[in-house]
Amino acid sequence: MIDVLFVLDDKTEVPAIVNKAAAMFSVARIPASDIKPDHVARARVVVVHAALRSVGHVERIEQASDETRRREDCIYVAKGIDRAGIVQAESIGIGRVFAAHQPLDDVFTAIQAILNRELSNKLTGHPASVVQAVETTDTLVRQVAAAMRADAPLPLRLLSASSQSIGVAVGSGGLMQWINAVELHHSQTSRHIMMVAGYADAFARTLGLSGSDTALFTEASLLHDVGKLFIPISILEKAGPLSDAERKAIMTHPLRGAKALKRDNAAHPLVIAAARSHHEYLDGSGYPDKLAGDQISPLVRMLTIVDIYSALTEERAYKAAMTPRLAITQMAGMKGKLDARLFAAFRDMVLNPVFGSQRSARSAENGPVQDCLANGIHPLDCGVFSHTAGQRAAG
Ligand SMILES: [Fe+2]
Ligand SMILES: [Fe+2]
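What counts, and where the lines are drawn
- The residue count restarts for each chain, going from 1 along the sequence in the order it is written.
- Whichever chain is written first becomes A and whichever ligand is written first becomes 1, with later ones labelled in order.
- Where totals are concerned, whole chains, interfaces and linings use all residues; where local detail is concerned, this predicted model gives features only for residues with pLDDT of at least 70, and gives and counts side-chain atom pairs only at 80 or more.
- Working from all heavy atoms in the structure, the side-chain values ignore hydrogens and water.
- In DSSP terms, a helix is any run of H or I states spanning at least four residues, a strand is any run of E spanning at least two, and both are numbered starting from the N terminus.
- Contacts between residues were defined by any pair of non-hydrogen atoms, one from each residue, lying within 4.5 Å.
- Within this scheme, the nonpolar core is defined by two criteria: the residues are buried Ala, Val, Leu, Ile, Met, Phe, Trp, Tyr or Cys, and they are joined through side-chain atoms within 4.5 Å.
- Here the term buried applies to any residue with accessible area under 20% of the maximum for its type, exposed to any over 50%, and partly exposed to those in between, with areas from a 1.4 Å probe on protein chains only.
- Distances decide who is a donor: an N, O or S atom must be within 2.8 Å of the metal, or within 3.2 Å for Na, K and Ca. Water is not included, so sites may look incomplete.
- Key to geometry: four donors with every angle between 85 and 135 degrees are tetrahedral; four donors are square planar and six octahedral where opposite donors lie over 155 degrees apart and all remaining angles lie between 65 and 115; all other sites are irregular.
- Domain ranges listed in this record stem from an automatic or a database domain assignment.
- Defined here as a combined quantity, buried area equals the accessible surface (1.4 Å probe) lost by two parts on assembly, summed across both.
- In the sections that follow, a salt bridge refers to a side-chain nitrogen of Lys or Arg positioned within 4 Å of a carboxyl oxygen of Asp or Glu.
- Each polar contact in these results corresponds to two N or O atoms within 3.5 Å; when the atoms are within protein, one needs to be able to donate a hydrogen and the other to accept it, and residues that are neighboring in sequence are counted only if both atoms are side-chain atoms.
- Under the scheme applied, nonpolar residues are Ala, Val, Leu, Ile, Met, Phe, Trp, Tyr, Cys and Pro; charged residues are Asp, Glu, Lys and Arg; polar residues are all the others, including Gly.
- Any two cysteine sulfur atoms lying within 2.5 Å of each other are counted as a disulfide.
- Between any two strands, pairing holds if DSSP finds at least two bridges.
- With axes taken as lines fitted to C-alpha atoms, and helix axes fitted only over the stretch in contact, angles between N-to-C directions fall between 0 and 180 degrees.

> Looking at this model, I keep getting lost on the environment of Leu291. Mind explaining?
Among the structural elements, Leu291 can be located in the loop between α15 (269-277) and α16 (298-313). Distance from Leu291 to Leu312, taken between C-alpha atoms, is 23 Å for residues 21 residues apart in sequence. If we ignore the near neighbours within four places in the chain, the residues touching Leu291 are Ser277, Glu280, Tyr281, Gly284 and Ile296.

Below is the structure:
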C-alpha cells in the first residue's frame, strides 16, 4: 500500500504538490488516462490533480473507484483557475475539493485526516488503553514532524502523556498486544518509533527501573529518530537499495535530531544526547562522533539495543521481518559493539516463552527504587537488580 496516489494529466509531469507530499507520505503518480481499479485499491488516499476536461479521463476515474472511496478517500486539487474542473470533480462525488489558490498545507492536512481515520478504523476492537496510546503517540509524531519541516520549535507537550500511555498499554495488556496494534500504522517511521518505545518500556520493567528512569528511557525512544522526520519518505521507505547520497542523507538523522531538540531545550539533556548517540558502538565504530566505551551512557546503551532489535524484527519496504531468535543471533554477532550485560538481560527477556503476553506493574509500584539512568549509573550496577536471578535484588 502507498499513502497517496496522484492522478495527473500526463506521465512526465511532477508538480510541486507531488514533490512536497513525498517528504511526508509515500506517493505514486499515474496519468488519468491509465488509472485502473488496482491502482486505487493500493492507495490509501487518491489526489486528482488534473484538468478534468476530457470525458474519457473523468470516466476512467469513475470506473477505477467506487462512490464511497471517491467521497471518503479522494481529494481534488484544481490546476490554476479551473472552475470547470472543480464542478466536474464535485459532480463525480469527490469528497474534498481545493481551488488552486488554497494553501498546500490544507491539502496535506486533509490527506492526514484521511490517514488518521483509516488508523482509527483499523484499531477498532483493540483495548482502549492501546488505542489511546497509539493515537497520542501518532499525534505527537505528526506535531513534531510538522514542526521539523517548518523549522519551528518542537511541540513536545504530548511527550510525557505518550510515554505514560505506552506504559499503561504495555503494562496492562503485554507488549505483543501493543506491537500488533502498532503494526497497523501506515507509516514505517511511526511504527518503528512506537515499537522501540514499547520495547523500552518492557525492558525498563524487566530491569526494575524506577518510574523516572522508565519515563526517561521511553521518552528517549520516542525521540531517538526525530531527525528522520526531516528526511523524505521516498528515501526512508524506499523499497530498493539506497544510493550513496541517500545513505548519507539518512546518516544525518542523529545530528539533525539532536540539533532540533537542543535548539528548543524542550527535552531532557540525556534525551537529546540519546538522539545524537544512538548509533554509536562501544568499540568506536558507530557514528556520528565515534564515541567508545565509557563515553556512551547506560541510557544510550539500552536504547541502541532496543533500537537494533526492533529494526531487525520489523517488516520494512525493503526487507521482511526477522524472527526474534534470528535477530538475537545477529545481535550476538555484534561482539564488542553492544553492552554485553544489558544485551544478555534483553536476550533473556525477548526469548522468554511468555514474554510479550505478560502483564506487569511498573517497578515504582513495587516500592521506591533508585534512579540509575538519570544519574549515569549502569542499571546492573545500581544495586537494584540482579538479572540472572530474574528478580530485583535488595535496595
Ligand atoms: Fe536512528
Ligand atoms: Fe531507530
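> It is not clear to me how the nonpolar core should be interpreted in this structure. Could you clarify?
Within soluble globular proteins, side chains that are nonpolar generally end up buried alongside one another. With 77 residues, the main nonpolar core has Val134, Trp178, Phe203, Phe217, Leu261, Met331 and Phe346 as its most contacted residues. With residues near it in sequence (within four places) discarded, Trp178 still touches Val130, Ala133, Val134, Ile166, Ala169, Val170, Met194 and Gly198. Val7, Ile35, Leu52 and Tyr76 belong to the second-largest nonpolar core, a separate cluster that totals 22 residues.

> Please explain the coordination of the iron ion (ligand 2) as it appears in this structure.
A metal bound by six donors in octahedral fashion has ideal angles of 90 or 180 degrees, whereas one bound by four tetrahedral donors has an ideal angle of 109.5 degrees. For the iron ion (ligand 2), the full set of protein donor atoms is His192 (NE2), His224 (NE2), Asp225 (OD) and Asp307 (OD), and the range of their distances to it is 2.2 to 2.3 Å. In this structure, the iron ion (ligand 2) is coordinated by 4 donor atoms arranged in irregular fashion, with angles at the metal of 80 to 168°. Counting the intervening residues between successive donors of the iron ion (ligand 2) yields the motif H-x31-H-D-x81-D. Between the two metals, the iron ion (ligand 2) and the iron ion (ligand 1), the spacing is 3.6 Å, and Asp225 donates to both. Highlighted residues: His192 in helix α10 (residues 188-207) and Asp307 in helix α16, separated in sequence by 115 residues.

> Explain the coordination of the iron ion (ligand 1) here, please?
Looking at the iron ion (ligand 1), one finds its protein donor set to be Asp225 (OD), His253 (NE2), His278 (NE2) and His279 (NE2), positioned 2.1 to 2.2 Å from the metal centre. Viewed at the metal, the 4 donor atoms of the iron ion (ligand 1) are separated by angles of 87 to 176°, and the geometry they form is irregular. Spacing between the donor residues of the iron ion (ligand 1) along their common chain follows D-x27-H-x24-H-H. Using a relative accessible area of 1% as the deciding quantity, one classes His253 as buried.

> Sorry if this is basic, but what is going on with the domain arrangement of the chain here?
How big an interface is tends to be reported as the loss of accessible area on association of its parts. The assigned domain composition of the chain is domain 1 (2-113) and domain 2 (127-389). In this structure, domain 1 and domain 2 have C-alpha centres spaced 37 Å apart. The interface is formed by 8 residues belonging to domain 1 together with 8 residues belonging to domain 2. The contact between domain 1 and domain 2 buries some 680 Å² in all, and 56% of this surface belongs to carbon and sulfur atoms. Taken as a group, Ala23, Met24 and Gln112 account for 56% of the area that domain 1 buries against domain 2, more than any other trio of residues on that side. Viewed at the interface, domain 2 and domain 1 are joined by 0 salt bridges. Between the two partners, domain 1 and domain 2, sit 2 residue pairs in polar contact (both at pLDDT 80 or more). For the side of domain 1 that touches domain 2, the residue count by class is 4 nonpolar, 2 polar and 2 charged.

> What is the right way to look at the pattern of salt bridges in this model?
Pairing between side chains becomes possible if they bear opposite charge and their charged atoms approach one another. Per the counting criterion, the structure on display carries 22 salt bridges. Put simply, Glu72 and Arg71 hold a salt bridge, and the shortest N to O gap is 3.8 Å. We classify Glu72 as partly exposed; its relative accessible area is 35%.

> Can you help me understand the environment of Leu123 in this one?
Within the secondary structure, Leu123 sits in the loop between α6 (104-122) and α7 (128-149). A relative accessible area of 1% means that Leu123 is categorised as buried. C-alpha of Leu123 to C-alpha of His185: the two residues are 62 residues apart in sequence and 9.2 Å apart in space. In this structure Leu123 touches Val131, Val134, Ala181 and Leu184, once residues within four positions along its chain are discounted.

> What exactly am I supposed to notice about the state of the cysteines here?
When the sulfur atoms of two cysteines share a covalent bond, that bond is a disulfide. Applying the stated criterion across every chain, the model contains 1 disulfide. The partner cysteine of Cys372 in its disulfide is Cys382, sulfur to sulfur 2.2 Å. Between Cys372 and Cys382, the S-S dihedral sits near -105°, and the bridge is therefore left-handed. Linking Cys372 in the segment after α18 (340-351) with Cys382 in the segment after α18, this pair joins segments that are 10 residues apart in sequence. Judged by relative accessible area, which is 0%, Cys372 ranks as buried.

> When you look at the sheet that holds strand β5 (residues 96-98) in this model, what are you seeing that I'm missing?
Note on sheets: strands pair through backbone hydrogen bonds, and any given pair is parallel or antiparallel. In spatial order, the strands read β2-β1-β3-β4-β5; together these 5 strands make up an open sheet with parallel pairing. Only two strands of the sheet have a single neighbouring strand rather than two, namely β2 (27-31) and β5. On average, each strand axis in the sheet is tilted by 20° relative to the strand beside it, whichever way the strands run. By the bridge criterion, 3 bridges tie strand β3 (residues 43-49) to strand β4 (residues 74-77) in an arrangement that is parallel.

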